[in-house]
Amino acid sequence: MKYLIAVDGSKASESAVKYAAALFKNMKGENHITVITVQDNSALKMFKKFTPKGAVDDYLREGADTNLAWSVRFLDKADVAHDMAIKFGHPSEQILKEAKAGGFDMIIMGTKGRSGWADTVLGSVAQRVAGASKVPVLLIKP
């Protein structure tokens, strides 16, 4: 099985990583985990015109590294083999694109809910991924 775990540095994504690691350890056969983080750069595109070259990209990369840091440490400590993916764009679109391109069997992600009634139940990114995914999506509450 190939698992794609979406992380954003939140407690909800930490819960997803913990659950995926436990699931991974209990599964027989060949398994693979990829941890993905997506930096939403849509609002920052106009700032590129007014900042030094590479400043926005450096900022986004730093955010991605921060989002991945806990997950990588946890999976390393748990002795779970994994790789990482950093993408830029709308989070739900990039997660779905990676799931399809990588031939993943399942997407695992935390739900945190921030705004609106539906978003309070799932979280807007989780809601969009679960609604549009062609593969199973496992949503983990913090």
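Sequence order sets the numbering: in each chain, residues are counted from 1 along the sequence as written. Local features in a predicted model are, by the rule used here, given only for residues with pLDDT of at least 70; side-chain atom pairs are given and counted only at 80 or more, and totals for whole chains, interfaces and linings are based on all residues. Excluding hydrogens and water, the side-chain figures rest on all heavy atoms present in the structure.

Brief notes about the overall build of the protein chain
So, point 1. By the criteria applied, helices consist of DSSP H or I runs no shorter than four residues and strands consist of E runs no shorter than two, each listed in order from the N terminus. If you tally the helices and strands in the protein chain, you get five helices and five strands.
So, point 2. Each helix and strand of the protein chain, ordered N terminal to C terminal, gives the series β-α-β-α-β-α-β-α-α-β.
So, point 3. Exposed residues in this analysis have more than 50% of their type's maximum accessible area, buried residues have under 20%, and partly exposed residues fall in between, with area computed by a 1.4 Å probe over protein chains only. Here the protein chain holds 142 residues, and 39% of them are scored as buried.
So, point 4. A contact between two residues is defined here by any heavy atoms of the two lying within 4.5 Å. In the protein chain, of all internal contacts separated by at least 6 residues, the share reaching a separation of at least 24 is 74%.
So, point 5. Exposure was quantified through the Shrake-Rupley algorithm and a 1.4 Å probe, taking into account, for residues, occlusion by the shown protein chains and nothing else. By element, 55% of the accessible surface of the protein chain is carried by carbon and sulfur atoms, the whole surface being about 8,400 Å².

A look at the confidence of the model for the protein chain
Low-pLDDT portions of the prediction should not be read for the details of their coordinates.
So, point 1. Considering every residue of the protein chain, the mean pLDDT works out to 86; 88% of them sit at 70 or more.
So, point 2. The secondary-structure element of the protein chain with the lowest mean pLDDT is helix 4 (residues 117-121), recorded at 49, while helix 3 (residues 91-101) shows the highest, at 96. A residue's pLDDT is the confidence the predictor assigns to it, expressed on a 0 to 100 scale.

Some thoughts on the pattern of salt bridges
So, point 1. Think of a salt bridge as a Lys or Arg side-chain nitrogen and an Asp or Glu carboxyl oxygen that are within 4 Å of each other. In total, this model carries three salt bridges according to the counting rule given.
So, point 2. Linking lysine 11 and glutamate 14 is a salt bridge whose minimum nitrogen-to-oxygen distance equals 3.8 Å. Residue lysine 11 and its partner glutamate 14 are located together in helix 1 (residues 11-26), separated by three residues, close to a single helical turn.
So, point 3. The exposure class of lysine 11 is exposed, given its relative accessible area of 60%.
So, point 4. Note that glutamate 98 is salt-bridged to lysine 87, the shortest N-O span being 3.4 Å. Of the two residues, glutamate 98 sits in helix 3 while lysine 87 sits in strand 3 (residues 82-88), which places them eleven residues apart along the sequence.
So, point 5. The partly exposed category is assigned to lysine 87, whose relative accessible area is 28%.

Side note on helix 2 (residues 55-77)
Residue pairs spaced three or four apart in an α-helix point in one direction, given the helix's 3.6 residues per turn.
So, point 1. For a helix, the expected span equals 1.5 Å multiplied by the number of residues minus one. Taking 1.5 Å per residue as the helical rise, helix 2 with its 23 residues ought to reach 33 Å, and the 33 Å between its terminal C-alpha atoms agrees with that figure.
So, point 2. Each residue is assigned a bend, namely the angle between axes fitted to the seven residues that terminate at it and the seven residues that start at it. Considering bend angle alone, the principal kink of helix 2 is centred on leucine 68 and spans about 35°.
So, point 3. Within helix 2, the full set of buried residues consists of Val56, Leu60, Ala64, Asn67, Leu68, Ser71, Val72 and Leu75.
So, point 4. The inward-facing, buried residues of helix 2 contact helix 1, strand 2 (32-39) and strand 3.
So, point 5. Within two residues after helix 2, aspartate 79 carries a phi angle of roughly 60°, on the positive side.

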